[in-house]
Structure formats: C-alpha cells, structure tokens
Amino acid sequence: MTLQPVRQVFVENPAGAETKIRHDEVRLVPISEHQVNAPYPYAYGFLPGIFAADGDCLDCFVLGERPLKSGEVVDCYLIGLLEQFENDVIDHKVLAVPVTEIDRLTSFDLDEVRDVLATFIKKLFEPYPSVALTIGDLGDASAANAMIDELLVAQE
C-alpha cells in the first residue's frame, strides 16, 4: 500500500458529534452549525486547498483512536477513497489515518469501514429525498492519491 505523501486534514467535526460545523474552507473559521440525525462515526473534515468537482475542498474521514477536535489540523496518510454521488455529481470521501497512528492501519477492516460510512451517509441524507444518493466502491490509497493529483492538475 502506498502511503506517501503525508496530507494535512482540517477537522470540522469530531467523531461522535451530532452537530455539523461548517467552516470557511479558506479562512478555516466556523460559519454555520446544524444538528445532524446521526453521530459522526469518525472525525470528518477536508483537505485544505484541494478542491473537488463540487467546488468545495475534498472531504475526508479520519480513522483514528485519538479524539480530534473541530479546528484541528492533522497530518495523515490516505488509505482509501469512498465513491459517493449526489444526483450524479461526484462527492467522493477520502479516508485517512493520522501519521501518529499508522501502526493501527492493519486493525481496520476497510469493508466494515465502508459499511459504517454508507449507513451514516444514507442516514444524513434521509431528510433530503430529492437527492439521489449513491455510495459506490471503496478504492485504495493509490486511488485517493491519483484523484488528488488529478484535482491539483485541474486547479493549475
């Protein structure tokens, strides 16, 4: 598994949070909050400066044991890429592990992680029946890094 390079992840919402805090993705300051109908199974945030097809920074779930706080920036290795489409618009989610917890990498059953995330994401979208949500495959670290490389080239 290719684990280079290290990527920084900005944490918006800690694991277990039932409130979604949205941040200005450039200034990294909170701009809104609202309740969600399921607690985040893992810390959730984005990769600053890497803009996805939807115009927002690329979303990321951080799998780790150490509790992370909203507003924290964490150095991570990417370990996967979960395909997600909203009304046929790509909104993929990167999966990452903090570099300080890389020894835990083998403890993750990525098929189980995919199932946990699929259940969580579907629950989040229940209040929005007009959104056609599709959760696809879970790619590996090389798929995540390849997509980021493509996004960075497109941003040039």
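Scroll up to find the structure.
Since the model is a prediction, treat every value here as computed from it, not as a measurement. (Residues numbered from 1 in each chain as written. Predicted model: local features only at pLDDT ≥ 70, side-chain atom pairs only at ≥ 80, totals over all residues. Heavy atoms only, no water.)

**Student:** Could you clarify how one ought to interpret the pattern of salt bridges in this entry?
**Tutor:** Counted under the stated rule, the structure contains eight salt bridges. Between Arg 27 and Asp 24 there is a salt bridge, with its nearest N and O atoms 3.3 Å apart. Residues Glu 126 and Lys 123 are paired through a salt bridge, measuring 3.6 Å at the closest nitrogen-oxygen approach. Sharing partners across several salt bridges, the network here consists of Asp 59, Asp 91 and Lys 93. (Salt bridge = Lys/Arg side-chain N within 4 Å of Asp/Glu carboxyl O.)

**Student:** Can you help me understand the environment of Leu 152 in this one?
**Tutor:** The residue Leu 152 is located in helix H2 (residues 141–155) in this model. Spatially, the C-alpha atoms of Leu 152 and Ile 50 are 6.6 Å apart, while their sequence positions differ by 102 residues. (Helix = DSSP H or I, 4+ residues; strand = E, 2+ residues; numbered from the N terminus.)

**Student:** Where do I start with the packing of aromatic side chains in this structure?
**Tutor:** Here a ring pair, both rings aromatic, is described through the centre-centre distance and the interplanar angle of the planes. One pass over the structure, following the stated rule, counts six aromatic pairs. When the ring of Tyr 40 is compared with that of Phe 120, the centres are 5.0 Å apart and the planes differ by 50 degrees; the resulting orientation is tilted. Of this pair, Tyr 40 sits in the loop between strand E3 (30–35) and strand E4 (43–51) while Phe 120 sits in helix H1 (residues 110–124), placing them 80 residues apart in sequence. With respect to class, Tyr 40 is no different from Phe 120; both count as buried. Here a set of aromatic residues connected by ring pairs shows up, and it is made of Tyr 40, Tyr 44, Phe 61 and Phe 120. (Phe/Tyr/Trp six-rings, centres within 6.5 Å; stacked < 30°, edge-to-face > 60°. Buried < 20%, exposed > 50% of the residue type's maximum accessible area, 1.4 Å probe, protein only.)

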